[in-house]
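A closer look at the structure
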Amino acid sequence: MNDQADMLRKIVNMKTGNQEIGLPAANSEKKARVITVTSGKGGVGKTNITVNLALALSKMGLKVVILDVDFGLANIDVLFGLVPKYTMLDLIHDEKNIFEVLTDGPDNIKFLSGGSGVEELIRLDRKKLRKFVSSIGLLDKLFDVILIDTGAGLSQNVMSFIMAADEVLLVTTPEPTAITDAYALVKMVSRRDKKKRINILVNKADSVREANEIASKICVVSEKFLSLKLLKLGYILYDENVTKSVKMQKPFSMVNPKCQAAKNITEIAEKLFLDKTHEETEGARGFISKLLSFFGV
Ligand SMILES: Nc1ncnc2c1ncn2[C@@H]1O[C@H](COP(=O)(O)OP(=O)(O)OP(=O)(O)O)[C@@H](O)[C@H]1O
Ligand SMILES: [Mg+2]
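Residues numbered from 1 in each chain as written. Chains lettered and ligands numbered in written order. Predicted model: local features only at pLDDT ≥ 70, side-chain atom pairs only at ≥ 80, totals over all residues.

The next thing to look at is the pairing of strand β7 (residues 197–205). Most of β7 sits inside the fold, with 8 of its 9 residues counted as buried. Handedness of the crossover is the feature at issue here: the chain leaves strand β6 (residues 167–172), passes through helix α10 (residues 176–192), returns alongside β7, and the resulting connection is right-handed. In this sheet, strand β8 (residues 231–237) lies alongside β7 in parallel orientation, the contact comprising 6 bridges. Counterpart to A205 in the pairing with β8 is L237. Handedness of the crossover joining β7 and β8 through helix α11 (residues 208–226): right-handed. (Buried ≥ 20, exposed ≤ 12 C-beta atoms within 10 Å, placed from the backbone. Helix = DSSP H or I, 4+ residues; strand = E, 2+ residues; numbered from the N terminus. Right-handed = clockwise from strand over helix to strand, strands pointing away. Pairing = 2+ DSSP bridges.)

This paragraph deals with helix α7 (residues 126–137). In a regular helix each residue adds 1.5 Å, so 12 residues correspond to 16 Å; α7 covers 16 Å between its end C-alpha atoms and thus fits that length. For α7, every residue scored as buried is listed here: F132, S135, I136 and G137. Tucked inside the fold, the buried residues of α7 contact α4 (88–92), α5 (98–101), α8 (139–142) and α15 (283–294). (Expected span 1.5 Å × (residues − 1). Contact = placed C-beta atoms within 7 Å.)

Around ligand 1, the structure places 21 residues, and the nearest of them are G42, G45, K46, T47 and N48. Listed by contribution, the elements that provide at least two residues to the shell around ligand 1 are α2 (46–59), β7 and α12 (240–247). (Near = placed C-beta within 6 Å.)

Moving on to the environment of A165. Structurally, A165 can be placed in the loop between α9 (156–164) and β6. Along the backbone, A165 and F287 are 122 residues apart, and their C-alpha atoms lie at a distance of 5.7 Å. A165 has contacts with V34, I35, T36, I148 and F287, leaving out every residue within four places of it along the chain.

With that settled, the discussion passes to the packing of α2 against helix α14 (residues 260–274). Packed helices, taken two at a time, are described by their axes: the angle between them and the distance between them. Running from N to C, α2 and α14 point in directions that differ by 60°, and their axes come no closer than 9 Å. For the element pair α2 / α14, the angle class is oblique. Relative to α14, the crossing made by α2 is right-handed. Together, N52, L53, A56 and L57 of α2 and I265, T266, I268, A269 and F273 of α14 make up the contact between the two elements. (Axes fitted to C-alpha atoms, helices over the stretch in contact; angles between N-to-C directions. Parallel < 35°, antiparallel > 145°, perpendicular 65-115°, else oblique. Left-handed = near helix turned anticlockwise from the far one by under 90°.)

Taking 1.5 Å per residue, 17 residues should reach 24 Å; α10 reaches 25 Å between its end C-alpha atoms and fits that length. Every buried residue of α10 is listed here: A178, D181, A182, L185, V186 and V189. All buried residues of α10 fall inside an arc of 145° around its axis, so they share one side. Along α10, exposed side chains directed more than 90 degrees from the buried face belong to P176, T177 and R191. (Arc of directions from axis to C-beta.)

Let us now look at the confidence of the model for the chain. Confidence in the prediction of the chain, expressed as mean pLDDT, is 87, and 88% of residues score 70 or more. For residues 14–27, every residue scores under 50 in pLDDT, and the model assigns this stretch 13 contacts once sequence neighbours within four places are set aside. (pLDDT = per-residue confidence, 0-100.)

Another aspect to go through is unusual backbone geometry. Located in the positive-phi region is D107, a residue other than glycine, with phi close to 55°. Relative to the helices and strands, D107 is located in the loop between β3 (103–104) and β4 (110–113). Classification of D107 by C-beta neighbours within 10 Å gives partly exposed; the count is 15. Phi is positive for S227, close to 55°, though the residue is something other than glycine. You can see S227 is positioned in the loop between α11 and β8.

V65, I146, L147 and L201 are the most contacted members of the largest nonpolar core, which has 79 residues in total. Considering each element in turn, this core owes the most residues, 7 residues, to α2. (Core = buried A, V, L, I, M, F, W, Y, C linked by C-beta atoms within 7 Å.)

Turning to the sheet that holds strand β2 (residues 64–68), a few remarks are in order. Strand order in the open sheet formed by 8 strands is β3-β4-β2-β5-β1-β6-β7-β8, and the pairing between neighbours is mixed. Edge positions in the open sheet fall to β3 and β8, since each of these has one partner strand only. As judged from the 2 bridges shared by β3 and β4, these two strands associate in the antiparallel manner. Residue pairing for β4: T103 is matched across the bridge by F111. Of the strands in this sheet, β6 and β7 are in contact with α10, which crosses β6 at around 160°.

Our next topic: the packing of α10 against α11. The contact between α10 and α11 brings their axes to 11 Å, and the two run at 35°. Note that α10 runs across α11; the crossing there is right-handed. Contact residues: I179, A182, Y183, V186, K187 and S190 in α10; I214, I218, V221, S222 and L226 in α11. Classifying every residue of the contact of α10 with α11 by side-chain character gives 8 nonpolar, 2 polar and 1 charged. (Nonpolar A, V, L, I, M, F, W, Y, C, P; charged D, E, K, R; others polar.)

So this is what it looks like as structure tokens:
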């Protein structure tokens, strides 16, 4: 086992005392806050937001892990300029444990690339599945926040990640197509759960005014026609530093911590941090059992 895995195991042992690893006693354990980052339309900034939000939350003292479940293209590693040694597949097939499959990102962040692992879950036998659920359950002890970066669109897979998480961070841009696709996603969610916690974030806005107007419009229409109340999380203005840092394969808040986008993401992290409504979280364990039931396993 490598050093990092050993260190993580020690942390878990510290927190669980004599308790058997992976089987936390009901209600008595700390739980992580699970947030799915998603959008109706692709290319609106989900991955950049996930990475930089993770960094901002980490600066505030929270332990953050990113799960990259974009099946098409795994992007988180590209934005970090890192090549992960293992993916979720190694965990699923029992070859590595959860401590070993997490990759070190900057600033104490860890991430796990889904690879094609999520689709594999459906094919697992009971024994492997139970182990997998226990492994994911360990994330509750190790982390305060789990950010899940999904692909865009209204696929069954993405919907499952949305419905299984405590809350959703729905990203849109001011483009009319992005707005209508975001609304379509809210509509799908509203058919299943009218109380789902959806935070709306407008990215690549030209002005604060434009961002606020768009967020308000989506909120009003969702409440009126879908009876679902959205929460306005904020905005990130269009900032060329984002594109430049993507080319450098570095998070924009690290390349230029004072740039507009970095300021905006810090405000968003503060808002999320101060919001205590998530305290009823079901944690990673609740998340993974819901997810598996949506997958029909
Ligand atoms: N605030 C911003 N200002 C300027 N450019 C931005 C901003 N946010 C994102 N971008 C640019 O938009 C592009 C898409 O960003 P990103 O890959 O994060 O989107 P995504 O939603 O994750 O895409 P996909 O749906 O393909 O996963 C990138 O080239 C990035 O540089
Ligand atoms: Mg992406």
